[in-house]
Amino acid sequence: EEAPEAFAGVREVWAGGDVVPPEAVRRIHEHCPDTTVVNGYGPTETTTFATTHRVHRPLDHAGAIPIGEPLDNHRLYVLDRALQLVAPGAPGELYIAGTGLAQGYLNRPALTAERFTADPYGPAGSRMYRTGDLARWNHHGSLEYLGRADQQVKLRGFRIELGEIESALTALQVVGQATVSVREDRPGDKRLVAYLVAADGVTIDTEAVHREISASLPEYMVPSAFLVLDEIPLTTNGKIDRRALPAPRHQGDTDGRTPRTPAEEVLCGLFAATLGLPSVTIDDHFFRRGGHSLLATRLISRIRAVWDTGITIRDLFQYATVAQLAERIAAEGSGQRRPALLSGERPELIPLSSAQQRLWFLDQMEGSSATYNIPLALRLTGPLDPEALRLAFTDLTARHETLRTVFPTREGTPHQHILPATAAGLPLVPATEESLPALLAAEAGRTFDLAAELPYRASLLRLGAEEHVLSLVVHHIASDGWSNGPLFQDLATSYAARAEGLAPEWEPLPVQYADYTLWQQRLLENDEERQLDHWRETLADLPEEATLPTDHARPATPSNQGRTHVVHCPAALHSGLMSLAQDTSSTLFMVAQAAVATLLSRSGAGHDIPLGSPVAGRTDQKLDSLIGFFVNTLVLRTDVTGNPTFRDLLSRVRDTDLAAWAHQDLPFDRLVEALNPERTTARHPLFQVMLTVGDTSNEAPRLAGLESEFAFPPVSVAKFDLTFAFAERRTADGAPDGLDILIEYATDLYDPRT
C-alpha cells in the first residue's frame, strides 16, 4: 500500500497470512501493469498454501479478494456445526483435507484431537483440519474468507458474522479497509463498531456509508458507529490489534439543532439517557447514535411513562429524530391537523401578531420606553471593511421583512406596514475604551417610534484602526432571543460575500413574519377554544400575587429598574441535577422549576406558586431561520401543598409542564384577556416571577477575517419582581460543566441583601 512501485519488474506477487485489502491490489495494478497478484491462503497446519486466487485485471471484486480454489491434491469443505456441507453463498467453517496436512501438534494430543478430525467426505481413514476460519463459496466457485469463527458473535439474540459485515463495507468504493468489532463500553450494552480506512484519494462520509450498508444488511448487522482511521492498528505479527481499536467518541458539538420546544427538550433527555450519551440534538438519528431494537423498546417505554401516547417501535423507525418524534406526538395529542404554514396572498392591512399586539399596547399605555429594547454589542478585531458591513445590513434588512416593518394605525387599529428595501445606514462613531460603556448604554436606552421608525438601529464605534464595536439595538416587537442566531448568521454570510465584492448567495426564506401572523390567526380559529378550556381549568382561583415577600411597598407604577446577583454551581452539582432529571424522565428546566418553587414557598410566597416561562413559539420548522417576535409566555402553576418530597414535587411539575406545553399556541395576552385578572400597573398579571433555563454556549458570530466577542452593554431593567435564569456550561463532549444562576430583581421591591 505504501510503496506499490517496489514490485515493478516482478512477474507475480503472492500474498498470504492475513486479509489482502482490495485497495492494496488496486495500487499494485496501477503502478505495476505487468505484475500479477495471487492471493493465497493456508494455515501452518496445512504446510503453506492450500488455496490460491489469481486476481484478474481490472479488479472487479465487490468486497474482499477471494482466497480462491484448492491446490492440487487438496480438498476444501465449508461445513455447518453438524459437519454438513452448506449451500453456495452460505457461511460456514472451512475444513482442509488432502496432501500436506500435518500429523498434529507435538506433545499436545488433546489439541490434535480437537483440530484434526475424521474426514466424512474423503477416503476411509483420511483426516481433515478444522481451520477455525469462516468462508463461503461464491457464484464463481471461489472461496471467500469471512473471518475467524471466534469472530462470530451473538448480539441481541442474533448470530452475526463480523466478516460478513466487513466484506459488505469493503465492497463500497470509498472504503479501502474495514474491520468490525463488538464493544461493551457501557456495561450490558454491546454494540457493533466499524473501523474504516479510506480508499486512496477519497474521503469517507460516514453518514453515506451508514445509508448504503443499511440498504444491504439487516438492521441487527448495521454498526452503531463508524470510525475513520488513518490505518488499522496491527500487532507485531501483522494481525489486527483489536485492543488498540479506539472507543467511539460521542461529540456534543454536532451540527444538529438545539431543542426548540420544551417537548423536544424532554425527548432529548430521554434519547440521551437511553443511548448513554451526555446530550443529543433534535436532529440526531436514534439508530445512528447507537440505538438498536432493545434500546428502542426501552425508549418507547420511557416516552409512554411521560406522555399518554400510543407510539410504537415502528413509529420510532419512521420518526427516528427528536424533531420528527415530537411532531408525531404533538399531532397525536391534539387530535387534529394543523393548518399548513405557507407564503401566500396578504390582505391590504396586515394585522399584528398576538405577541406584537401586546407590546404595541404596552407602548401606547406606558409611552415609549427602552424596557423592550434588545441591545447587542459585538467587539470586532482586525481589518474591518465598514462599507461591506453596511451593505451586509442592507442585505439583512431586505431578507427579513420584519426589520423594515413599522406599525401605524388606521382608525385606531395598528397594522404591519412593510417598507421597501433601501440602503441601510451604519454611522461610524469615534470612541475610546473609557467612553464605550456610556455610548453603549445610551444606544440601549434610546426609544423607538414604532409607527414611523425601523425597529432596529446599528452603529459602528471606532476604537482604533483595527478595533471596532458593532452596536445593534432591536425592538422586541421585531425580534426575540432565538432570532439572534439567524440574524448574526445571515449578517456573517453577507459580510463575507460583500468583502469579496459579491452579493450573498442564500436560499430564499420559505415564509416571512407576515405569513406567520396570518397563519397564527388560522391556527387559533381552529384550536383557540380547546386551548382556552385547558387554561381556564388549570389556572382557576390563581392567587393574584405569589412572590418573595418584599422589602419595600409595591409602587403603583414600577420604575422597571433592576439589579442582578449571580450564583455559580460546580460541575459535580450540575451533573447530579442532570442525573436526577434523567432518572425521573424530566428535564433540567423542571428540576429548576421545582427548586425555585420550593425556595419561594419556604420563603413565604405560599403553597400555590405560578411561574412565568418563555417558550420559543417556533412550532413549525419554516420559522427556524426567521427573525421575528415568536416567543410566548406560559404560566406554570406549581402546587407545593402536602409537604411533598422533591421527587414527588418534580413529578407534579412534569405533569403540569407537559400539559402546558401541549397548549402553548394560545398567546399570553389572549389568556390574560380570557381570565381577566385584576388589572393594575403595579404588578405583572398572573405571575410575578420568571424562570428561564438556557446555556452559555452562545459564541460570538465570526465575521470573515475578524476576531469577535460579545461586549454586552450594561442593562439595569427588571420586567418582573424576580427572574431566575439558569445557564448551563458544557464540556467539549457535551458533559455538564457547571451552572450560572442569575437572579434579576426589581430594586423598587428588594434590597441587595435579600
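Since the structure is predicted, the reported quantities are computational estimates derived from the model, not experimental observations.

Colleague: How should the overall build of the chain be read in this particular structure?
Modeller: For the chain, the helix and strand inventory stands at 17 helices and 29 strands. Summarising its shape, the C-alpha atoms of the chain cover approximately 110 × 65 × 50 Å along the three principal directions. Residues classed as buried in the chain amount to 49% of the 754 residues present. Considering only intrachain contacts with a sequence separation of at least 6, the fraction spanning at least 24 residues in the chain is 69%. Surface summary for the chain: the accessible area is close to 35700 Å², and the carbon and sulfur share equals 50%. Charge centroids of the chain, computed over 67 positive and 99 negative side chains, lie 5 Å from each other.

Colleague: How should I be thinking about the sheet that holds strand S2 (residues 36-41) in this particular structure?
Modeller: Two pairing modes exist for strands in a sheet, parallel and antiparallel, and in both the strands are linked by backbone hydrogen bonds. Sheet architecture is open: 4 strands sit in the order S1-S2-S3-S4, paired in mixed fashion. In this open sheet, the two edge strands, each paired with only one partner strand, are strand S1 (12-15) and strand S4 (69-70). Strand direction decides the pairing type here: S1 and S2, joined by 4 bridges, are parallel. In the sheet register, Glu12 faces S2, and the bridge partner there is Thr36.

Colleague: Hey, could you run me through the sheet that holds strand S20 (residues 428-430) in this one?
Modeller: In spatial order, the strands read S20-S21-S22-S15-S27; together these 5 strands make up an open sheet with mixed pairing. This sheet does not close on itself; its edge strands, each paired only once, are S20 and strand S27 (707-710). Going across the sheet, the axis of each strand differs from the next one's by a mean of 25°, ignoring polarity. Looking at chain direction, strand S21 (residues 456-464) and strand S22 (residues 467-475) are connected through 8 bridges and run antiparallel. In the strand pairing of S22, Gly464 is matched with Glu467. The strands touched by helix H12 (residues 484-499) within the sheet are strand S15 (373-381), S22 and S27, with S15 carrying the most contacts at an inclination of about 35°.

Colleague: For this particular structure, what's the right way to read the packing of aromatic side chains?
Modeller: Two descriptors summarise a pair of aromatic rings, namely the distance from one centre to the other and the angle between the planes of the rings. Within the structure shown, the criterion is met by 15 aromatic pairs. Seen from their ring centres, Phe271 and Phe286 are 5.5 Å apart, and the 80° between their planes marks the pair as edge-to-face. Taken together, the residues Phe271 in helix H5 (residues 262-275) and Phe286 in the loop between H5 and helix H6 (293-306) connect sequence positions 15 residues apart. A single burial state applies to Phe271 and to Phe286, both of which are buried. Aromatic side chains Phe393 and Tyr456 sit 6.2 Å apart centroid to centroid with 15° between the ring planes, which places their arrangement in the stacked category. With a gap of 63 residues between them, Phe393 in helix H10 (residues 386-399) and Tyr456 in strand S21 connect regions that are remote in the sequence. Of the aromatic side chains, those joined through ring pairs into one cluster are Tyr513, Tyr516, Trp519 and Phe630. The ring of Trp506 carries Arg399 above its face, with NZ or CZ at 4.5 Å from the centroid. The ring of Phe448 has Arg457 sitting right over it, with the charged end atom 4.2 Å from the ring centre.

Colleague: Quick question: what am I supposed to make of the pattern of salt bridges here?
Modeller: Pairing between side chains of opposite charge can happen when their charged atoms approach one another. The final tally for this structure, using the stated rule, is 35 salt bridges. As a salt-bridge pair, Arg130 and Glu93 come within 2.9 Å of each other at their nearest N and O atoms. Here the residue Arg130 occupies a position in strand S8 (residues 127-137), and Glu93 occupies one in strand S6 (residues 92-98), the gap between them amounting to 37 residues. Given the relative accessible area of 29%, Arg130 is considered partly exposed. Among the ionic pairs, Glu545 bridges to Arg554, the shortest N-O distance being 3.4 Å. By relative accessible area, Glu545 is classed as partly exposed at 37%. Salt bridges sharing common partners tie together Glu544, Glu545, Arg554, Glu678, Arg683 and Asp721.

Colleague: Would you take a moment to explain helix H15 (residues 588-605) for this structure?
Modeller: Because each turn of an α-helix spans 3.6 residues, side chains separated by three or four positions end up pointing in the same direction. Counted residue by residue, H15 has 13 buried out of 18 residues, so it is predominantly covered. Looking one or two residues past H15, Gly606 carries a phi angle of roughly 100°, positive in sign.

Colleague: What exactly am I supposed to notice about the domain arrangement of the chain here?
Modeller: How large an interface is tends to be reported as the accessible area lost when its parts come together. The domain architecture assigned to the chain consists of domain 1 (4-150), domain 2 (155-228), domain 3 (262-334), domain 4 (364-513) and domain 5 (526-746). Here domain 1 and domain 4 have C-alpha centroids that lie 71 Å from each other.

Colleague: When you look at the packing of helix H13 (residues 513-538) against helix H17 (residues 668-675) in this model, what are you seeing that I'm missing?
Modeller: Helix-helix packing: each pair is described by the crossing angle between the helix axes and the interaxial distance. Direction vectors running N to C along H13 and H17 enclose 55°, while the axes themselves pass 11 Å from each other. If you check the angle between H13 and H17, you find them oblique. The crossing of H13 and H17 is right-handed. Across the interface between the two elements, Leu524, Glu528, Leu532, Trp535 and Arg536 from H13 touch Arg670, Leu671, Ala674 and Leu675 from H17. Of the residues contributing to the contact of H13 with H17, the split by class is 6 nonpolar, no polar and 3 charged.

Criteria and cut-off values
Residues numbered from 1 in each chain as written. Predicted model: local features only at pLDDT ≥ 70, side-chain atom pairs only at ≥ 80, totals over all residues. Heavy atoms only, no water. Helix = DSSP H or I, 4+ residues; strand = E, 2+ residues; numbered from the N terminus. Buried < 20%, exposed > 50% of the residue type's maximum accessible area, 1.4 Å probe, protein only. Contact = heavy atoms within 4.5 Å. Areas by Shrake-Rupley, 256 points an atom, 1.4 Å probe, with all protein chains shown as cover. Lys, Arg positive; Asp, Glu negative; His and termini not counted. Charge placed at Lys NZ, Arg CZ, Asp CG, Glu CD. Pairing = 2+ DSSP bridges. Axes fitted to C-alpha atoms, helices over the stretch in contact; angles between N-to-C directions. Phe/Tyr/Trp six-rings, centres within 6.5 Å; stacked < 30°, edge-to-face > 60°. Lys NZ or Arg CZ within 6 Å of the ring centre and 35° of its normal. Salt bridge = Lys/Arg side-chain N within 4 Å of Asp/Glu carboxyl O. Domains from an automatic or database assignment. Parallel < 35°, antiparallel > 145°, perpendicular 65-115°, else oblique. Left-handed = near helix turned anticlockwise from the far one by under 90°. Nonpolar A, V, L, I, M, F, W, Y, C, P; charged D, E, K, R; others polar.

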